[in-house]
Amino acid sequence: MSDQHKPPVIDNPWRVLRQYTDARIGLGRAGISLPTSEMLEFQLAHARARDAVHFPLDVEPLLAELTALEDKHLTGLPIRLHSQAEDRFTYLQRPDQGRKLSEASRNEVVALADDIGEAFDLALVVVDGLSSSAVQNNAVPFIRAFLTDLDREPADLKLAPITVVEQGRVAIGDEIGEALNARAVAVLIGERPGLSSPDSLGVYLTWNPRPGLNDADRNCISNVRPAGLRFESASQRLLYLVREAFRLKLSGVGLKDRTEEAAVVDASSDNKNFLTH
Amino acid sequence: MQHTYSYTLGPRTWQFRDLADLMAKATPARSGDRLAGVMAASAEERVIAQMCLAEVPLKTFLSEALVPYEDDEITRLILDTHDAEAFASVSHLTVGDFRNWLLGDAASSEMLTRIRPGLTPEMVAAVSKIMRNQDLILVARKCRVETAFRDTIGLSGHLSTRLQPNHPTDDMTGIAASILDGLLYGNGDAVIGINPATDNVAQATKLMRMMDEVIRKYEIPTQSCVLTHVTNTLEAIEQGAPVDLVFQSIGGTEATNRSFGFGLSTLKEARDAALGLKRGTVGQNVMYFETGQGSSLSADAHHGLDQQTCEARAYAVARAFDPLLVNTVVGFIGPEYLFDGKEIIRAGLEDHFCGKLMGVPMGCDICYTNHAEADQNDMDNLLTLLGVAGCTFIMGIPGSDDIMLNYQTTSFHDALYARRALDLHPAPEFEAWLEKMGVFDDVRRHEPSAGVPGLFGPSLKGLTGGGAA
């Protein structure tokens, strides 16, 4: 076939393999480059991920939704806090500032804890993190599922007022948890968006929260969203981790998440694949 | 032996606390140095520091260690293995003169190879700080670094790719699908290298066996690597796993590497074990290292140095173990270290230049995360610049989207773009294989065949009931 009669886009017959992977295989080519449709599809995915990072969390409606939850485990109304990072530009370059409360927010939390004057079992801290859409879309449904699960628990856990933090990182939960006299803190935070997952919520559980802890002291549940780990499953896993943390009086590497073991066993199965079978 | 540096311009004298402070302040601006609190306070101070640094004799770096000799095995490695004879031809130069010399005709490819053992990473980092992007490209282009295992990597006029078929659950069929896609787009001559989702010895061994079977069945002149911890690979070798390349992420200070869980002796042990397997056919470079600016600060192990100087010191670690490939994963670390496309591009060119000048087979994971101020156009720019600079290899993944690590790097298509735009070729043994297998009809046009090459047809047919081929 002469070049003049070649079709402008050459399809790849192995594209059917996409039923086995989310990887962008078999895209075809225009010359040796991406076809227009595939190029624009990628641009759209990247645009959504960028928007998730840069669109600010719309805090007021979120607070209204959290206020409407009304559950016997919850104490008081949700409160709005801010980290030391003033804006997104600073937040992205100064992770240290995102880990600490602003002076005003710190005073507010300390005053609230003084007013209440009692300790809590668990503090739920909702943080915008790197994806506002993750928090906007998924934080409330997840908390609702978790409260429902708590209702079925024999132990009556007392939850601190829910806090909503802007420009925050995971470790800001340590300061908040300590100030609220909480035995454990669960941080619900927008994860760094991937191209196919702009709204992944991460949940980090930390026992005995206090400043100076690091990632090895936490347990993480990742990819919580309708198209990823479903709210009910994520809630069950958090409940499991909370129970274990209270039993062992620790979190992090010393607390093994056995709910994941099924997947590990599966990974050791045979290595058959179509290329070498 | 630290002392202060000062530079007088007109009525004003600028002071720099020590050589490390001078190096940091002379570094082109980037967010990681701001985060560390070591960068110049103003644009003017940065250029003054560069002027001051340009007057520092190269010899100074042999007597003023930036990380103390007694505290750091990498400083000891650098100074104990320094070759004074190789250094002789440039030993009289200042940093500024060294830049002039590098750009001149006296610095031929042969000459640059000869002086290599006499150059320390600090000398190389220093001169890079006073070079523009075009200088970094022009000098790197003159450096020759060739390595080999089952094919020959780094020949002039060639650009290799690591085929990176990562999958979020290490699903074998998913991985095989990405490997097939990559091979049919002519990628994978540097290595087929998987970042495992589940990181343990059993899983690594399973992935090694899978890739070994693919490479043997289709007689591909390439090598495989599972990017697991060096101690996992050692254990896999002891258990009889088919290990081609030993992987490890490395940093430029002993404390960084301790935080990664290894020391120089671990690397030596692993290299010896891999050499003992004698699996290479045209060469025996058995190590694959990854680096990246910011790792030392991230591990709180940077000794007050700027991140680019720490990075160059990692290449001293790499070159001590004769690697097949070294990969600077330039944009993966995030915007707190390299904020935007401009900083990522600059860092990629610096790393490639420093690595090549030190004799390391330098490739680049031209990449970014979604919270960095960067996009595909920035990656196109860096890819083109590195292609001109003679970069050894780049990554190749399906459609630029790593569905396991959640970041974007160069695609299989991007590799073909760079090869066609700059007339670069994959490793000669691999290119011959592409032609022999009918993957490419005409390798000179850098264009894949339209259909599925004969040998792969049956595999696809078995999977799809005949619909695919």
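It should be emphasised that the depicted structure is a prediction, and the values quoted were computed from it without experimental measurement. (Residues numbered from 1 in each chain as written. Chains lettered and ligands numbered in written order. Predicted model: local features only at pLDDT ≥ 70, side-chain atom pairs only at ≥ 80, totals over all residues. Heavy atoms only, no water.)

### Quick word on the packing of helix α19 (residues 376–389) of chain B against helix α20 (residues 412–422) of chain B
Residues and elements named next belong to chain B. Where α19 contacts α20, the two axes come as close as 10 Å, and the packing angle between them is 50°. One finds that α19 runs oblique with respect to α20. Between α19 and α20 lies a crossing whose hand is right-handed. Here α19 contributes Leu383, Thr384, Gly387 and Val388 to the contact with α20, which in turn contributes Asp414, Tyr417, Ala418 and Leu422. Looking at side-chain class alone, the contact of α19 with α20 contains five nonpolar, two polar and one charged residues. (Axes fitted to C-alpha atoms, helices over the stretch in contact; angles between N-to-C directions. Helix = DSSP H or I, 4+ residues; strand = E, 2+ residues; numbered from the N terminus. Parallel < 35°, antiparallel > 145°, perpendicular 65-115°, else oblique. Left-handed = near helix turned anticlockwise from the far one by under 90°. Contact = heavy atoms within 4.5 Å. Nonpolar A, V, L, I, M, F, W, Y, C, P; charged D, E, K, R; others polar.)

### Topic: the pattern of salt bridges
The full count for this structure, using the stated rule, is 40 salt bridges over all chains. Across the pair A:Arg15 and A:Glu38 runs a salt bridge whose closest N-O atoms are separated by 3.0 Å. Of this pair, A:Arg15 sits in the segment before α1 (36–54) while A:Glu38 is found in helix α1, placing the two residues 23 residues apart along the sequence. Given the relative accessible area of 14%, A:Glu38 is considered buried. A single salt-bridge network, built from bridges that share partners, covers B:Arg17, B:Asp18, B:Asp21, B:Lys25 and B:Glu45. (Salt bridge = Lys/Arg side-chain N within 4 Å of Asp/Glu carboxyl O. Buried < 20%, exposed > 50% of the residue type's maximum accessible area, 1.4 Å probe, protein only.)

### Points about the nonpolar core
Ranked by internal contacts, the top residues of the largest apolar core, which has 158 residues, are B:Phe98, B:Trp101, B:Ile179, B:Phe353 and B:Trp433. The residues touching B:Phe353, leaving out its near neighbours within four places in the chain, are B:Leu102, B:Val124, B:Val127, B:Ser128, B:Met131, B:Leu136, B:Val139 and B:Ala140. If you look at the next biggest cluster of nonpolar residues, it comprises 43 residues, including A:Val203, A:Trp207, A:Ala234 and A:Leu239. (Core = buried A, V, L, I, M, F, W, Y, C linked by side-chain atoms within 4.5 Å.)

### Remarks on the pairing of strand β6 (residues 191–194) of chain B
Residues and elements named next belong to chain B. Taking every second residue as pointing to the same face, both faces of β6 are buried, with Val191 and Gly193 on one and Ile192 and Ile194 on the other. Both strand β5 (residues 160–163) and β6 contribute to a ladder of two bridges, which runs parallel. Directly across from Arg162, in β6, lies its bridge partner Val191. Running through helix α11 (residues 172–184), the crossover from β5 to the neighbouring parallel element β6 is right-handed. Sheet topology places β6 next to strand β7 (residues 224–226); three bridges connect them, and they run parallel. For Ile192, the partnering residue across the bridge sits in β7 and is Ser224. Taken together, β6, helix α12 (residues 201–217) and β7 constitute a β-α-β crossover, and its handedness is right-handed. (Pairing = 2+ DSSP bridges. Right-handed = clockwise from strand over helix to strand, strands pointing away.)

### Notes on the domain arrangement of chain B
All names here are of chain B. Domain annotation of chain B identifies domain 1 (5–142) and domain 2 (147–447). Between the C-alpha centres of domain 1 and domain 2 there is a distance of 27 Å. In this assembly, 44 residues from domain 1 lie in contact with 46 residues from domain 2. Between domain 1 and domain 2, roughly 3700 Å² of surface is buried when both sides are summed, and carbon and sulfur atoms account for 63% of that area. By the criterion of area lost to domain 2, the three top residues of domain 1 are Arg30, Glu73 and Ile74, representing 17% of everything that side buries. Our count for the domain 1 to domain 2 interface comes out at five salt bridges. One salt bridge in this structure joins Arg30 and Glu350, with 2.7 Å as the shortest N-O distance. In this structure, the connection of domain 1 to domain 2 is made through 28 residue pairs in polar contact (both at pLDDT 80 or more). Broken down by secondary-structure element, the contributors of at least two residues to the side of domain 1 that touches domain 2 are α1 (19–25), α2 (31–36), α5 (73–80), α7 (95–103), α9 (121–129) and α10 (133–142). It is α9 that provides the largest number of residues to the side of domain 1 that touches domain 2, a total of seven residues. (Domains from an automatic or database assignment. Buried area = accessible area lost by both parts, 1.4 Å probe. Polar contact = N/O pair within 3.5 Å; in protein donor to acceptor, adjacent residues only side chain to side chain.)

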